[in-house]
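# Per-entry structural report
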Amino acid sequence: MDVFSDPANVDVYVTGFLWILKLTLAAGVFALVVGVLLAAMRVSPVPVLRGFGTAWVNIFRNTPLTLIIFFCYFGLFSTLGLKLSDNLNLNNFWLGVVGLSTYTAAFVCEAIRSGINTVPAGQAEAARAIGMSFRQTLTMIVLPQAGRAVIAPLGSIFIALAKNSTIVGTIGLAESSTAMKDLINARGDAVIPIFLVFAGTFAIVLIPIGYLFGAAANRLAVKR
Amino acid sequence: MSSETVLYDHPGPRAKARNRILSVVFGVLLLLLLYWIYRQFEQKDLWAAGLWKAFLESETWTAYILPGLWGTVKAAGLAMVLSLVFGVLFAVGRLSDHWWLRVPSGVVVEFFRAVPLLLLIFFIFYGVPYLTEQPMPPFWAVVAGLTLYNGSVLAEAFRAGIRAVPSGQSEAAYAIGMRKGQVMREILIPQAARNMLPVIVSQLVVLVKDTALGYIIGYTELLQTGVNNLAGNVPHVGGIVAAAIVAAIIYITLNTSLTAIAGWLERRTRRTGRAPRRPTTAAQPAGATAGGMVEPQG
């Protein structure tokens with residue numbers, strides 16, 4: 001463990017995980033908002049909106065995240081000239097957030113749509129019977145119940161998002177997997193401790209979060 | 001709520017007009033976005049005839065795209081077979097009556113499920129050579145990483161599948177004098193496997209996508225040869241975007257077909273009506289499979 005008695009190495013480790021934390025939080029918020037909107041589009045009465053939602057899900061769910069991140073950098077940034085920040089690191093960070101949330105939103109949309117399917121038809125029929133519009137039925141009756149049913153799948157989507165954010169390292173952000181690679185190449189004599197610290201951090205943080213989501217899902221489940 | 005049309009009434013004249021207006025507004029916004037992309041492509045000269053014509057030449061396919069696709073399929077296929085074996089072994093291990101088998105299996109499965117695949121592949125590719133003092137071929141680094149991660153995910157799915165087999169099945173088997181191993185091998189696993197077939201095929205989609213991580217360590221798969229190498233050979237600034245679009249279309253086609261097969265298998269299993277009962281709780285929406293949602297790993 002003497003690798004981590006060197007403050008410079010600790011710094012690499014902390015910086016790497018801070019990027020992961022920031023990527024996960026930022027992309028998580030965007031993915032949740034976009035995913036809910038996409039799910040609403042997919043069940044809406046307007047065919048163009050439905051088609052857009054379906055196309056988004058089918059395109060981004062079936063493309064490797066590595067390719068999406070790659071495309072964000074070479075397509076959006078290098079070719080289309082979309083510059084999100086003047087700072088090189090921050091620019092890569094926001095490009096990564098765009099890629100991660102685009103990809104994750106497709107999964108959030110599908111999770112919420114399957115949650116909508118667990119709400120009994122009578123709920124929406126009753127809402128319509130008392131004169132609620134589509135928007136009212138969806139936002140006041142169906143989505144709140146669907147949301148409580150999809151806590152467990154959403155939890156695994158966000159855990160996957162945290163793990164996926166390591167892929168942003170491809171476009172030059174010194175997140176944890178790149179940090180681990182650099183440390184391994186610098187200290188070939190301490191490969192096992194380096195891996196155990198990096199992998200262990202993910203395991204110690206993500207396994208309990210998984211159980212928390214499971215417990216929350218059981219507590220909040222709609223009793224029927 | 002099986003049919004989504006329960007969310008709204010059949011549109012009357014006013015609703016129809018409103019829907020039409022919404023369609024037009026959204027359609028115009030979409031077209032504006034497409035036009036902006038078109039203009040940006042034009043400014044970067046991405047519509048140059050030579051650029052896209054490259055994809056009509058047979059050499060582009062035989063020298064770059066097809067070898068890459070073969071690399072992708074080869075890694076995904078081998079990793080699938082290995083992770084099935086890994087998954088069955090560790091699922092049975094976690095269901096064992098002996099704590100010295102159950103606990104280590106659980107630790108291994110939980111650990112590899114929680115560690116990002118890229119971190120694992122980096123460790124195998126950059127770290128393991130320091131330990132073995134032999135170079136690690138990128139192919140085996142990708143396959144080993146994929147096997148450990150997807151094997152663990154499958155182990156959890158199998159465990160859920162085995163536990164979903166009605167308890168009367170194993171009770172009946174014990175009653176006629178079968179041993180523990182026999183019950184598992186001859187009664188539980190065959191029934192669970194049938195029910196797990198759609199999950200296995202969906203996991204194949206995840207595997208195909210995850211082989212793209214091999215690009216990062218220089219394994220010659222589709223992203224490496226079909227995008228990186230190909231773009232390096234097309235004398236054009238926009239070559240990389242064009243190649244990435246073509247590669248994305250190939251991935252989407254491949255994965256959509258796999259998803260369609262999974263859906264067909266699921267319908268087929270359900271039709272015969274003998275599929276083991278699935279646990280239906282509010283926490284497990286209809287769309288999710290018995291093993292939980294297949295995780296969106298990159």
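Residues numbered from 1 in each chain as written. Chains lettered and ligands numbered in written order. Predicted model: local features only at pLDDT ≥ 70, side-chain atom pairs only at ≥ 80, totals over all residues.

## Comments concerning the overall build of chain B
The helix and strand inventory of chain B stands at 10 helices and zero strands. Taken from the N to the C terminus, the helices and strands of chain B come in the order α-α-α-α-α-α-α-α-α-α. Across the 298 residues that make up chain B, the buried fraction comes to 42%. Restricting the contact set of chain B to residue pairs at least 6 apart, pairs at least 24 apart contribute 78%. (Helix = DSSP H or I, 4+ residues; strand = E, 2+ residues; numbered from the N terminus. Buried ≥ 20, exposed ≤ 12 C-beta atoms within 10 Å, placed from the backbone. Contact = placed C-beta atoms within 7 Å.)

## Things to note about the overall build of chain A
Looking only at helices and strands, chain A features nine helices and zero strands. Across chain A, helices and strands are ordered from the amino to the carboxyl terminus as α-α-α-α-α-α-α-α-α. Seen through its C-alpha atoms, chain A measures out along the principal axes to roughly 70 × 45 × 25 Å. The burial tally for chain A puts 50% of its 224 residues in the buried class. Residue pairs in contact within chain A that sit at least 24 positions apart in sequence constitute 75% of those at least 6 positions apart.

## Points about the nonpolar core
Within the largest apolar cluster, 142 residues are counted, with the highest numbers of intra-cluster contacts made by A:Leu67, B:Ile121, B:Ala244 and B:Ala247. Sort the elements by how many residues they give to this core and helix H4 (residues 88-118) of chain A lands first, with 14 residues. Those residues in contact with B:Ala244, other than ones at most four positions away along the chain, are A:Leu67, A:Phe70, A:Phe71, A:Phe74, A:Gly75 and B:Val227. (Core = buried A, V, L, I, M, F, W, Y, C linked by C-beta atoms within 7 Å.)

## Considerations on the packing of helix H3 (residues 58-94) of chain B against helix H4 (residues 99-114) of chain B
All names here are of chain B. Two elements in contact, H3 and H4, have axes separated by 7 Å at closest approach and are oriented at 130°. By the angle class used here, H3 and H4 are oblique. Relative to H4, H3 is oriented so that their crossing is left-handed. Taking contact as the criterion, the partners of Phe90, Gly93 and Arg94 in H3 are, on H4, Leu101, Arg102, Ser105, Gly106, Val108 and Val109. Split by residue class, the contact of H3 with H4 holds four nonpolar, three polar and two charged. (Axes fitted to C-alpha atoms, helices over the stretch in contact; angles between N-to-C directions. Parallel < 35°, antiparallel > 145°, perpendicular 65-115°, else oblique. Left-handed = near helix turned anticlockwise from the far one by under 90°. Nonpolar A, V, L, I, M, F, W, Y, C, P; charged D, E, K, R; others polar.)

## Overview of unusual backbone geometry
Note: most peptide bonds trans; most residues except glycine with negative phi. Non-glycine residue B:Glu133 carries a positive phi angle of around 55°. With 7 C-beta atoms packed within 10 Å, B:Glu133 lands in the exposed category.

## So, the interface of chain B and chain A
Chain B puts 58 residues into the contact, and the matching count from chain A is 74 residues. Elements represented by at least two residues in the side of chain B that touches chain A include exactly helix H1 (13-43), H4, helix H5 (117-132) and helix H10 (239-271) of chain B. Among the elements that take part in the side of chain B that touches chain A, H10(B) stands out by supplying nine residues, more than any other. Of the residues assigned to the side of chain B that touches chain A, the class counts are 38 nonpolar, 14 polar and six charged.

## Things to note about the packing of H4(A) against helix H7 (residues 151-164) of chain A
Between two packed helices, what matters for the description is the angle formed by their axes and the separation of those axes. Residues and elements named next belong to chain A. As a packed pair, H4 and H7 sit with axes 10 Å apart at the nearest point and diverge in direction by 165°. As the angle between them shows, H4 and H7 are arranged roughly antiparallel. The interaxial crossing formed by H4 with H7 has right-handed handedness. Packed against H4, whose contacting residues are Leu100, Thr104, Phe107, Val108 and Ala111, the element H7 presents Pro153, Leu154, Ile157, Leu161 and Asn164 at the interface. The residue inventory of the contact of H4 with H7, partitioned by class, reads eight nonpolar, two polar and no charged.

## A closer look at the confidence of the model for chain B
All names here are of chain B. For chain B, mean pLDDT is 84; residues scoring 70 or higher make up 87% of the total. Predicted confidence is poor over residues 280-294, with pLDDT under 50, and the contacts of this stretch with residues over four places away or in other chains come to 50 contacts. Confidence estimates for the predicted assembly give a pTM of 0.88 and an ipTM of 0.91. (pLDDT = per-residue confidence, 0-100.)

## Digging into the environment of B:Leu82
Along the chain, B:Leu82 turns up in helix H3. Take B:Leu82: there are 17 C-beta atoms within 10 Å of it, and that puts it in the partly exposed class.

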